[in-house]
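Here are the chains, one letter per residue:
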Amino acid sequence: FILGETCSALLLFISIMTMFMSGVVAIFEYDLKKIIALSTLSQLGMMMFSISLGLYELAFFHLLTHALFKALLFLCAGILIHGAGNTQDIRSFGGLSLNFPLVTVCMNLANLSLCGVPFLAGFYSKDLIVELACQYSWGIFVLLTMFICLSLTVLYSVRLTYLSFVGPYGGGTSISVCESGYSLVGPVVILSFTSLVSGPILSWLNFPAPVLIFLPVFLKWGALFFVGVSLLVMLSLQGLTYSYKWGAVSKFSGLMWFLPWLTGQGFPMKTLKNA
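If you check an unreviewed UniProt entry, the protein chain appears there as NADH-ubiquinone oxidoreductase chain 5 from Daphnia pulex.

Right, here's the structure in full:
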């Protein structure tokens, strides 16, 4: 390793907690742009997790694939915000698949790639990182937390899709004229194509020799098991997020575990007040 053992262990802990925190916060978030930004933070944690294991080439590979489908996700979100009366609250969406059929397909394609669905761009990098991480002897806690973080990614992605495109109408205004402009739809279609083919192409360019990984059956199926569990949890969480019992948890998550108060507001406000 280029990093020392202590630095690698510290980076591993920080990256795992970053993925976990961003996934939990995104579950209780209703701002469309914040959800996508938190997913970006989660994937950055995945890249740092790969670096902490010494998989530098895989981290760069995931950076390239993530840049393509995340750019698609941000462009689709911008079209939805523009077409929904400049609102970012996903509770005011609902049923947008009828008004934005093309954007719905492209955005769901980006979400599936983010979740690591097989044969999409994100699968070729995320699955390789997960399987190689399973070969390291960091302990069951690290592996379990990694699988939980993967399931959180699926959970908030499916939640976003449900509230925006499948769920009941939220009362906001929407117009479908946005899909008639080539300046908006053209880049979305191009990035959708790259989200489909960039995974194997970049994999062949970065790794000319095939990677052969031997793992037990339960580790091979571990990611798929946690993805299935996250889907079931998402269905029950739709009602729980609106319950008053989850008010404190939602507030705690919405404030990103009070990190803005500790890092961005606590010390600067104290020093400026004393000045």
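Along the backbone of the protein chain there are 11 helices and zero strands. For the protein chain, the residues scored as buried account for 45% of the 275 residues in total. Considering only residue pairs separated by 6 or more positions, the protein chain has 82% of its internal contacts joining residues 24 or more positions apart.

What follows deals with helix α1 (residues 5-27). The end-to-end C-alpha distance of α1, which contains 23 residues, comes to 33 Å, matching closely the 33 Å that a straight helix rising 1.5 Å per residue would cover. Those residues of α1 lying buried are S8, L12, S15, I16, M19, M21, S22, G23, V24, V25, A26 and I27.

A few words on the environment of C7. Inspection of the secondary structure puts C7 in helix α1. Of the residues examined, C7 reaches a relative accessible area of 46% and is grouped as partly exposed. In this structure the C-alpha to C-alpha distance between C7 and S52, which are 45 residues apart in sequence, comes to 8.0 Å.

In this model helix α4 (residues 101-115) runs 21 Å from its N-terminal to its C-terminal C-alpha over 15 residues, within 8% of the 21 Å that 1.5 Å per residue would give. Remark: G116 follows α4 within two positions and exhibits a positive phi of approximately 85°.

Glancing now at the side chain of S15. Mapped onto the fold, S15 is located in helix α1. Setting aside chain neighbours within four positions, we find S15 in contact with G45, M48, F49 and S52.

One pass over the structure, following the stated rule, counts three aromatic pairs. Plain terms: the ring middles of F61 and F207 are 5.6 Å apart, the flat faces sit at 75° to each other, and that makes the pair edge-to-face. Taken as a pair, F61 in helix α3 (residues 56-83) and F207 in the loop between α7 (182-206) and α8 (217-220) lie far apart in primary sequence, 146 residues in all. For F61, a relative accessible area of 0% translates into the label buried. Residue F207 is classed as buried on the basis of its relative accessible area of 15%. Pairing F119 with F123 gives two aromatic rings, centres 6.2 Å apart and planes at 50°, and the pair type is tilted. Directly above the ring of Y30 sits R159, whose terminal nitrogen or CZ lies 4.8 Å from the centroid.

Turning next to the nonpolar core. Counting 39 residues, the largest nonpolar core has L32, L72, C76, L80, I90 and M107 as the members making the most contacts within it. Looking at this core, the elements with two or more residues in it are α1, α2 (32-52), α3, α4, α6 (140-166) and α7. Residues contacting L72, with those up to four places away along its chain left out, are C106, A110, V188, L191, S192 and S195. Counting residues in hydrophobic clusters, the runner-up holds 27 residues, among them L55, L132, V142 and F207.

It is worth spelling out a nonpolar patch on the surface at this point. A grouping of L10, F13, I14 and M17 is seen on the molecular surface, where their side chains present a nonpolar patch of about 390 Å² in accessible area. With respect to the element layout, F13 can be found in helix α1.

The next thing to look at is the packing of α3 against helix α5 (residues 121-133). Running from N to C, α3 and α5 point in directions that differ by 150°, and their axes come no closer than 8 Å. With respect to their mutual orientation, α3 and α5 come out roughly antiparallel. For the element pair α3 and α5, the recorded crossing hand is left-handed. Mapping the contact onto sequence places L58, F61, H62, T65 and F69 in α3 and A121, G122, Y124, S125, K126, L128, I129 and L132 in α5. A breakdown of the residues in the contact of α3 with α5 according to their chemical character gives eight nonpolar, four polar and one charged.

Let us now look at the UniProt feature "transmembrane region" (unreviewed entry) in the protein chain. Following the UniProt record, the feature "transmembrane region" (unreviewed entry) maps to residues 6-28, 35-53, 59-81, 102-124, 136-158, 184-205 and 211-235 here. Helix makes up 96% of residues 6-28 and strand makes up 0%, while its end C-alpha atoms are separated by 34 Å. Between the end C-alpha atoms of residues 102-124 the distance is 25 Å, and the span holds 78% helix and 0% strand.

Attention now moves to the environment of F49. Tracing the chain through its elements places F49 in helix α2. Separated by 81 residues in the primary sequence, F49 and V130 have C-alpha atoms spaced 9.9 Å apart. Contact partners of F49, with chain neighbours within four places excluded, come to L12, S15, I16, M19, I129, A133, V142 and M146.

Analysis parameters
Residues numbered from 1 in each chain as written. Predicted model: local features only at pLDDT ≥ 70, side-chain atom pairs only at ≥ 80, totals over all residues. Heavy atoms only, no water. Helix = DSSP H or I, 4+ residues; strand = E, 2+ residues; numbered from the N terminus. Buried < 20%, exposed > 50% of the residue type's maximum accessible area, 1.4 Å probe, protein only. Contact = heavy atoms within 4.5 Å. Expected span 1.5 Å × (residues − 1). Phe/Tyr/Trp six-rings, centres within 6.5 Å; stacked < 30°, edge-to-face > 60°. Lys NZ or Arg CZ within 6 Å of the ring centre and 35° of its normal. Core = buried A, V, L, I, M, F, W, Y, C linked by side-chain atoms within 4.5 Å. Patch = residues over 30% accessible without salt bridge, like charges linked within 9 Å, V, L, I, M, F, W, Y side chains within 5 Å. Areas by Shrake-Rupley, 256 points an atom, 1.4 Å probe, with all protein chains shown as cover. Salt bridge = Lys/Arg side-chain N within 4 Å of Asp/Glu carboxyl O. Axes fitted to C-alpha atoms, helices over the stretch in contact; angles between N-to-C directions. Parallel < 35°, antiparallel > 145°, perpendicular 65-115°, else oblique. Left-handed = near helix turned anticlockwise from the far one by under 90°. Nonpolar A, V, L, I, M, F, W, Y, C, P; charged D, E, K, R; others polar. UniProt positions renumbered as here; feature names shortened; annotations may be inferred.

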